[in-house]
Amino acid sequence: MSTVESSSSAVQQPPSSTLPMLGDNQVSTMQIQIQASTSSAGGSSSMSLGVPLDTQSSGEPPAKKQMLDPSAASSSSGMSGGGGGGPAGTGSGTHEKLAYRISTALCCAVCLDLPKTAMYQCQMGHLMCAACFTHLLADGRLRDQIATCPNCRVEISKSTASRNLAVEKAASELPSECQFCNKEFPYKSLERHEQHECQERPTKCKYHRIGCQWRGPHHETTEHERNCLHPQKSGYEVMAALEAHDVKIKEEKKMFSTLIDLLSYEKIIFNDLQMKPYRTDEYVHKLFYETARFSAFNQQWVVKARINNSQRDPHQSNDRTITYQLILKTKTSTPMSIHFFALKGPFSDMKVSTQIYKHEFTETSTESDYYVLPLPDGNGSGSSECNRMLANKGINFRLLMFLLNK
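Predicted, not measured: the structure shown is a model, and the values here were computed from it.

Quick notes on the packing of aromatic side chains
Tallied over the entire structure, the rule returns nine aromatic pairs. When the centroid spacing of 6.3 Å and the interplanar angle of 50 degrees are considered together, the rings of phenylalanine 340 and tyrosine 357 count as tilted. Here phenylalanine 340, found in strand S16 (residues 336–343), pairs with tyrosine 357, found in strand S17 (residues 357–361); they are 17 residues apart in sequence, far enough to count as distant. For the pair formed by phenylalanine 340 and tyrosine 357, the shared burial category is buried. On the basis of an interplanar angle of 15 degrees and a centroid distance of 6.1 Å, the ring pair of phenylalanine 341 and phenylalanine 402 is categorised as stacked. Linking phenylalanine 341 in strand S16 with phenylalanine 402 in strand S19 (residues 395–404), this pair joins segments that are 61 residues apart in sequence. Taking the relative accessible area as the measure of exposure, phenylalanine 341 reaches 3% and is therefore buried. Classification of phenylalanine 402 as buried rests on a relative accessible area of 0%.

Concerning unusual backbone geometry
For arginine 153, which is not a glycine, the phi torsion comes out positive at approximately 65 degrees. Counting through the fold element by element, arginine 153 comes out in the loop between helix H6 (130–143) and strand S6 (162–163). Given a relative accessible area of 59%, arginine 153 falls into the exposed group. With phi around 65 degrees, asparagine 182 is a residue other than glycine that occupies positive phi space. Mapped onto the secondary structure, asparagine 182 falls in the loop between strand S7 (175–177) and strand S8 (184–186).

Quick notes on the layout of surface pockets
For the largest pocket, the calculated volume is near 1,500 Å³. Taken together, 50 residues make up the lining of the largest pocket; nearest its centre are Leu114, Pro115, Lys116, Thr117 and Tyr187. Elements with a minimum of two residues in the lining of the largest pocket: helix H5 (98–106), H6, helix H7 (165–173), S7, helix H8 (187–197) and helix H11 (383–390). Of the residues contributing to the lining of the largest pocket, the split by class is 20 nonpolar, 16 polar and 14 charged. Volume-wise, the second largest pocket comes out at about 350 Å³. In terms of lining residues, the second largest pocket is bounded by 15 residues, among which Leu137, Arg141, Ile156, Ser157 and Ala391 are the most central.

What to know about H11
Along an α-helix, residues three or four apart share an orientation, since each turn contains 3.6 residues. Within H11, seven of the eight residues are buried, which leaves the element mostly enclosed by the surrounding structure. For H11, the complete set of buried residues consists of Ser383, Glu385, Cys386, Asn387, Arg388, Met389 and Leu390. Against the buried residues of H11 lie H6, strand S12 (287–290), strand S14 (299–307), strand S15 (322–328) and S19.

Comments concerning the nonpolar core
Membership of the largest hydrophobic core comes to 36 residues, with the highest contact counts inside it found for Trp301, Leu326, Ile338 and Met401. Here the element with the most residues in this core is S19; it accounts for five residues. Excluding residues within four positions of it along the chain, leucine 326 makes contact with Phe294, Trp301, Val302, Val303, Ile338, Phe340, Phe361, Thr366, Glu367, Ser368, Leu399 and Met401. Of all hydrophobic cores here, the second largest spans 14 residues; its members include Cys108, Cys122, Val154 and Ala161.

What counts and how
- Residues numbered from 1 in each chain as written.
- Predicted model: local features only at pLDDT ≥ 70, side-chain atom pairs only at ≥ 80, totals over all residues.
- Heavy atoms only, no water.
- Phe/Tyr/Trp six-rings, centres within 6.5 Å; stacked < 30°, edge-to-face > 60°.
- Helix = DSSP H or I, 4+ residues; strand = E, 2+ residues; numbered from the N terminus.
- Buried < 20%, exposed > 50% of the residue type's maximum accessible area, 1.4 Å probe, protein only.
- 1 Å grid on protein atoms, 1.4 Å probe; cavity = no way out; pocket = protein on both sides within 12 Å on 5 of 7 lines; lining within 4 Å.
- Points joined across faces, edges and corners; volume = space filled by probe spheres on them.
- Nonpolar A, V, L, I, M, F, W, Y, C, P; charged D, E, K, R; others polar.
- Contact = heavy atoms within 4.5 Å.
- Core = buried A, V, L, I, M, F, W, Y, C linked by side-chain atoms within 4.5 Å.

Okay, here's the thing in structure tokens:
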């Protein structure tokens, strides 16, 4: 389309061959945009026919130009807001931060939070963090149903779901706000900052072992410890706090002393076992786990476990525990005093603390009591580790057994 230069006296028309023949109706509806610019030198003006202003400089249509140049899009939205003096473009998309919109799109579909570790997706692409994914699989195991995606109800399992590494990497780079100082840091370094670097993180006084209950921001620790009154307390006043601390230390020392004594026994056996899930034949089928028979001390044994002590509907509880018992499957003529405990084996990724149990096996007492499988967790309940174990097809562990000769 040609541009016609205009002066104050005359206008030079384009050749008739370059313009199509237009009727009166077409001429009246034809879009004519006039852009006048006054220069300080000549005071000339320019006029263009039938061409939108946005395409005169670059030749691109307005939509494509905005995609190529975001600043042009924002400026055009401000111009289209009207002739007022204030900025237009009051839409939420204009003012929202890009990082916030991306974090909303990448969050877990269950807990609505960014993933701290792994991120899984179902076959339809819906995202679930590792904790929620294992929780859904554990719920499916407890309900005796197939686990499904909470969004599209497609079946999910460890074989059908897959990790989304792109989402994990993108989420690790997004800015996240520190819960203590409210400053933003990349998500991958947020945990390190909150635990070791943040000056506002809650910190105990170094005299908390002798009874100081102060807890405040890290940058105030030095000032508090300088003025703390506990170092000036008498030994009698400090003894009460030290006694409570000694009780905990004695329990740990007793457990390790018992373990050292057990290692001096003549008969020690360990077995790497796997517990598989089964259901009872009752009206309400209850979930339990059981190993295959294994040999130890010339006898046949089985390990059996249950969830929440055979609670009727364990899937309705967020606090979940595993208890297990040792069962003697063959007859014995002499009593057998057995110490036993479970721990992580070479083919297991289970996280378990050490807790030693004891039972006297006789002809009439072939089953031990149910003992708690001590699973460590961030909040002390072990529910997350329990869910992770329930999400597996089996629970692998190593069982150590000690026989005391009488």
